[in-house]
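Each chain is listed here by its residues.
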Amino acid sequence: MNFANLLKIALKALSNNKLRCFLTMLGIIIGVASVITMLAIGQGSKDSIRAQISEMGSNMIMIHPGNMQRGGVRQSADDTQTLEVADYEAIRDKARYVTAISPSVNSGGQFINGNNNYPSTVYGITPDYLDIRKVSVADGEMFTEQDIKSAAKVCLLGQTVIDNLFPDGSNPIGRIVRFNKIPMKVVGTLTPKGTNSMGMDQDDVVLAPYTTVMKRILATDHLQGLFASAIDEEYTDQAIDEITEILREQHKLKEGADDDFDIRSQKELSEMLSSTSDMLTVLLACIAGISLLVGGIGIMNIMYVSVTERTREIGLRMSLGARGIDILSQFLIEAVIISVTGGIIGVILGIRAGA
């Protein structure tokens, strides 16, 4: 018996049991759609993570004090003061794989404007910080190098701080706000960025010259950290090695001694989050694959029942000369039609759900 005749017989048999055929396909449809949807969700989350990190600066490098052992005990960044302005200047002048670098010091406190007050954090930085963190000035201007040298009491406000200190919508440029008891002139505002992938408000920030925060607020000569930017994301590792070498030389660390600073990059964070996302995607795909397996077992079970119900038909066909391979081929064609049709519908539904 040729394939065309077997196909006609299989289609007729399926059409005689439309409801059972549909319910059998349903397992395959749900299984395929679930697998595609889960993979799409996983890939979408990975792309979202990469986009969020790219907005913060995919080639950003963070240097913090700490990781120094004292008496066999590793000290935290809060217990060590190993970064100084001289370290910042050395990296700025010597590092070839670094395009921008900024010191970082910060202090939390209450910002006050008339009867309005809001708790926030002031970050002491340099203009390079804007390029490193992908931040831009919306209105006004960035403070100058002269402001840094003179530790001028100037600042730029994020949108969240503006909304709380100037609820009437007035322009904050040129106005004086107080940080605790220190008056600071607002010279600019920052472009709103919203929340990041960690749920943190990126607009709840105030920027000021790092010298102002160090001398007038913290009264310290040590830096809490450094932010740097590699010339390109692919050169991040070279930039980290270069910064490590410069800082070890600056701190006069002997060969074999532990670093008294800690360096992290956005590349490491991206790889870690992507790895976590991949693991969750595989887990979800495996769970969805179980429903696909159940759908396949359902088809096998229905075909077994169908063979049992149609023993008289099979016997009649064999008495008319049908071979065993012809009978087997007919039921295999029915199973393939159900599987392929269910798979195609599942793919369509999965693509639409994951879009």
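Provided above is the structure to which this section pertains.
Residues numbered from 1 in each chain as written. Predicted model: local features only at pLDDT ≥ 70, side-chain atom pairs only at ≥ 80, totals over all residues. Heavy atoms only, no water.

As for its position among the elements, Tyr118 is in strand β5 (residues 116-125). Measuring from C-alpha to C-alpha, the distance between Tyr118 and Thr160 comes to 9.5 Å, with 42 residues separating the pair along the chain. Setting aside chain neighbours within four positions, we find Tyr118 in contact with Gly109, Gln110, Phe111, Thr160, Val161, Asn164, Leu165 and Asp204. Here Asp204 takes part through its side chain, which lies 3.3 Å from a polar atom of the side chain of Tyr118. (Helix = DSSP H or I, 4+ residues; strand = E, 2+ residues; numbered from the N terminus. Contact = heavy atoms within 4.5 Å. Polar contact = N/O pair within 3.5 Å; in protein donor to acceptor, adjacent residues only side chain to side chain.)

Look at helix α8 (residues 236-250): 21 Å from first C-alpha to last across 15 residues, which is about the 21 Å you get at 1.5 Å a residue. Where α8 terminates, the next one or two residues include Lys252, which has phi positive at roughly 55°. (Expected span 1.5 Å × (residues − 1).)

This brings us to the pattern of salt bridges. Any two side chains of opposite charge can pair, so long as their charged atoms come close to each other. As enumerated under the stated definition, the model contains four salt bridges in all. Of the charged contacts in the structure, one is a salt bridge between Asp259 and Arg248, with a shortest N-O distance of 2.4 Å. Placement of Asp259 in the loop between α8 and β12 (261-265) and of Arg248 in helix α8 is noted, with a sequence separation of 11 residues between them. Judged by relative accessible area, Asp259 falls into the partly exposed class, the value being 25%. Arg264 serves as the salt-bridge partner of Asp262, at 3.1 Å between the closest nitrogen and oxygen. Residue classification places Asp262 among the buried residues on the basis of a relative accessible area of 18%. (Salt bridge = Lys/Arg side-chain N within 4 Å of Asp/Glu carboxyl O. Buried < 20%, exposed > 50% of the residue type's maximum accessible area, 1.4 Å probe, protein only.)

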